[in-house]
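For reference, the chains in residue letters:
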Amino acid sequence: MSKTLIESARVKLGFEKFSEPQLAAFEYWTVGIENDLPNPDRLCIYYPTGKGKTEISLVCIFLRELYTEVLVIAPPTTQDRWVADGAKLGLTVIPMSHAKFRDPKTQVSRKIPVIVDEFHLLGGQTGQGWKKLDRLSASLQAPLIICSATPEYNDVERVYCVAHVIDRHNHKGGYEGWLYEHCLTKPSKYSRLPVVLGLQNYDDAEHMLSELPGVVYLPDTAPDILQDVLVNVSLPPEFDEYGLDVSRGRIMASQMEKRHRMRYLQIIDPATGAMRAEVAEAFNDLTEGSYAPLMLFFAHSA
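Residues numbered from 1 in each chain as written. Predicted model: local features only at pLDDT ≥ 70, side-chain atom pairs only at ≥ 80, totals over all residues. Heavy atoms only, no water.

Novice: When you look at the nonpolar core in this model, what are you seeing that I'm missing?
Specialist: In a soluble, globular protein the nonpolar side chains are often hidden away together inside. Ranked by internal contacts, the top residues of the largest apolar core, which has 66 residues, are Phe 119 and Leu 133. By residue number, the principal contributor to this core is helix 7 (residues 156-166), which donates eight residues. Sequence-distant contacts of Phe 119, that is, excluding residues within four places in its chain, are made with Trp 130, Leu 133, Ile 146, Cys 147, Ser 148, Cys 161, Val 162 and Val 165. (Core = buried A, V, L, I, M, F, W, Y, C linked by side-chain atoms within 4.5 Å. Buried < 20%, exposed > 50% of the residue type's maximum accessible area, 1.4 Å probe, protein only. Helix = DSSP H or I, 4+ residues; strand = E, 2+ residues; numbered from the N terminus. Contact = heavy atoms within 4.5 Å.)

Novice: How do you make sense of the pattern of salt bridges when you look at a structure like this?
Specialist: In a structure, side chains of opposite charge can pair up when their charged atoms sit close to one another. For the structure on display, the rule yields 15 salt bridges. For Glu 241, the salt bridge is made with Lys 189, and the minimal N-O distance between the two is 2.6 Å. Residue Glu 241 is found in helix 10 (residues 237-242), and its partner Lys 189 is found in the loop between strand 6 (183-186) and strand 7 (195-199); the two are separated by 52 residues along the sequence. With relative accessibility at 39%, the residue Glu 241 sits in the partly exposed group. Connected through salt bridges with shared partners, the residues Asp 245, Arg 248, Arg 250, Glu 257 and Arg 261 form a single ionic network. (Salt bridge = Lys/Arg side-chain N within 4 Å of Asp/Glu carboxyl O.)

Novice: What's the story with the packing of helix 6 (residues 128-139) against helix 7 in this structure? I'm lost.
Specialist: Each pair of packed helices can be summarised by the angle the axes make with each other and by the distance between the axes. Where helix 6 contacts helix 7, the axes come no closer than 8 Å and their chain directions differ by 25°. Classed by the angle they form, the pair helix 6 and helix 7 counts as roughly parallel. Across the interface between the two elements, Trp 130, Leu 133, Asp 134 and Ser 137 of helix 6 pack against Tyr 160, Cys 161, His 164 and Val 165 of helix 7. Among the residues making up the contact of helix 6 with helix 7, the classes are represented as five nonpolar, two polar and one charged. (Axes fitted to C-alpha atoms, helices over the stretch in contact; angles between N-to-C directions. Parallel < 35°, antiparallel > 145°, perpendicular 65-115°, else oblique. Nonpolar A, V, L, I, M, F, W, Y, C, P; charged D, E, K, R; others polar.)

Novice: What exactly am I supposed to notice about the packing of aromatic side chains here?
Specialist: What describes a pair of aromatic rings is the distance from one ring centre to the other and the angle between the planes of the rings. According to the stated counting rule, one finds six aromatic pairs in the structure shown. Judged by centre distance (5.1 Å) and plane angle (80°), the ring pair of Phe 18 and Phe 26 falls under edge-to-face. Here a set of aromatic residues connected by ring pairs shows up, and it is made of Trp 130, Tyr 160, Tyr 175 and Trp 178. Over the ring of Phe 101 we find Lys 132; its NZ or CZ atom is 5.1 Å from the centre of that ring. (Phe/Tyr/Trp six-rings, centres within 6.5 Å; stacked < 30°, edge-to-face > 60°. Lys NZ or Arg CZ within 6 Å of the ring centre and 35° of its normal.)

Novice: Would you take a moment to explain helix 4 (residues 79-88) for this structure?
Specialist: Spacing of three or four residues puts side chains on the same side of an α-helix, whose turn is 3.6 residues. Listed in full, the buried residues belonging to helix 4 are Gln 79, Trp 82, Asp 85 and Gly 86. The arc that holds the buried residues of helix 4, viewed along the axis, is 130°, so those residues lie on one side. Every exposed residue of helix 4 that faces more than 90 degrees away from the buried side is listed here: Asp 80 and Ala 87. In this fold, the buried residues of helix 4 make contact with helix 1 (3-13), helix 3 (53-64), strand 2 (69-73), strand 3 (92-96) and strand 4 (114-116). Gly 90 lies just past helix 4 and shows a positive phi near 80°. (Arc of directions from axis to C-beta.)

Novice: Teacher, can you tell me more about the environment of Val 196 here?
Specialist: Assignment of secondary structure puts Val 196 in strand 7. Residue Val 196 is classed as partly exposed on the basis of its relative accessible area, which comes to 31%. Along the chain, Val 196 and Tyr 180 lie 16 residues apart, while their C-alpha atoms are 9.1 Å from each other. If near-sequence neighbours (up to four positions away) are discounted, Val 196 is found in contact with Val 156, Leu 179, Cys 183 and Leu 184.

Novice: Sorry if this is basic, but what is going on with the pairing of strand 2 here?
Specialist: Two faces belong to every sheet, and in a regular strand the side chains alternate between them. The element strand 2 is extensively covered by neighbouring structure, given that four of its five residues are classed as buried. A crossover connection joins strand 2 to the parallel strand 3 through helix 4; in handedness this β-α-β unit is right-handed. Sheet topology note: the strand 2/strand 4 ladder contains three bridges and is parallel. In the strand pairing of strand 4, Leu 71 is matched with Val 114. (Right-handed = clockwise from strand over helix to strand, strands pointing away. Pairing = 2+ DSSP bridges.)

Novice: Would you mind showing me how to read the environment of Tyr 190 here?
Specialist: Residue position: Tyr 190 is located in the loop between strand 6 and strand 7. When the C-alpha positions of Tyr 190 and Tyr 242 are compared, they lie 7.8 Å apart, and in sequence the two are 52 residues distant. If we skip the residues at most four places from it in the chain, Tyr 190 touches Glu 241 and Tyr 242.

Below, the structure written as C-alpha cells:
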C-alpha cells in the first residue's frame with residue numbers, strides 16, 4: 001500500500017488520521033491489484049453506519065491514480081457531501097439518485113468508476129435497479145464500489161445480489177441455482193423458487209456476506225437499543241400453509257409480500273382497522289411507570 005498516497009489523501013480530506021478500519025479497507029483494495037486477485041476493481045464496503053464508507057470509497061478511487069471523475073449513486077440528501085469530499089481529492093463527483101439510475105433512459109459510461117451508496121435501495125434480484133447494475137458490472141472498464149451497512153432485510157437474496165455484482169464469475173447459474181448450491185431448501189407449493197430454510201455453511205446471511213471475496217467487513221458493535229416485544233397473535237393456518245390472506249381475499253405473490261403482510265396483521269386487526277388488543281397491552285406493559293413524553297410511530301413499506 002502506498003503510504004505516500006494515503007498520507008496525501010489524509011491531508012486533502014483534512015483528517016488528523018485514518019481509523020484502523022479505513023486503513024484496512026485501503027490495504028485490501030491495494031493488495032487486490034498488487035497480487036493480481038480476481039476482480040480487483042470490484043469491492044463491497046460492508047461497514048456500519050458512521051464508519052467512513054464515503055471517505056473510504058472515494059480514497060480507493062483516488063488510490064488508483066487513473067481517474068478524475070466518479071459516478072456516485074446515492075440518496076439526494078447525501079450528494080452534497082459526496083461532491084465536496086470528492087473535490088478535496090481532486091475527483092469530480094457526478095451525483096445520481098437510485099431512481100435516476102433505474103430509469104431506462106439513463107445511460108452510464110463504461111469508462112469512469114462507479115460508487116453505489118445504500119446498495120440495497122436498488123432492490124433485490126428482480127429489481128430493475130439491481131439488474132441494471134449487474135449488467136453494468138459485467139462491462140464496466142473501471143472500478144465499481146458498493147457500500148452497505150447491515151441491510152434492513154439481511155437475507156440470502158441480499159448476499160446473492162452483492163456476490164453476483166462483485167464476483168459474477170464464481171456465482172453463475174442465476175438466483176435459483178445459487179440457492180440450491182448455497183442454501184438449505186424445501187420445495188415451494190406456489191413458487192418456482194424453493195423455500196429457504198438456512199445456509200449450508202454459515203450461521204446467517206450476515207456471516208456469509210462478510211466472508212465473500214471482495215468484501216471488507218466491520219462488525220456493528222453498537223449497543224442494540226431495540227427491544228423485542230413478544231405478542232401472542234396467531235394467524236390462520238392457511239396464511240402460512242398456502243399464503244392465503246383471507247382479509248384481502250388473495251394469495252400472496254412473493255415471500256416479501258407475505259412477510260410484510262404478516263407483520264401488518266400481527267399489529268392491526270383487519271376487521272376493525274385498529275391496533276390489536278394484544279399489541280396495545282404489550283405496549284402498555286412496556287411503558288408502564290414511565291412519565292417521559294412518548295411518541296408512537298409506525299412505518300410500513302409494501
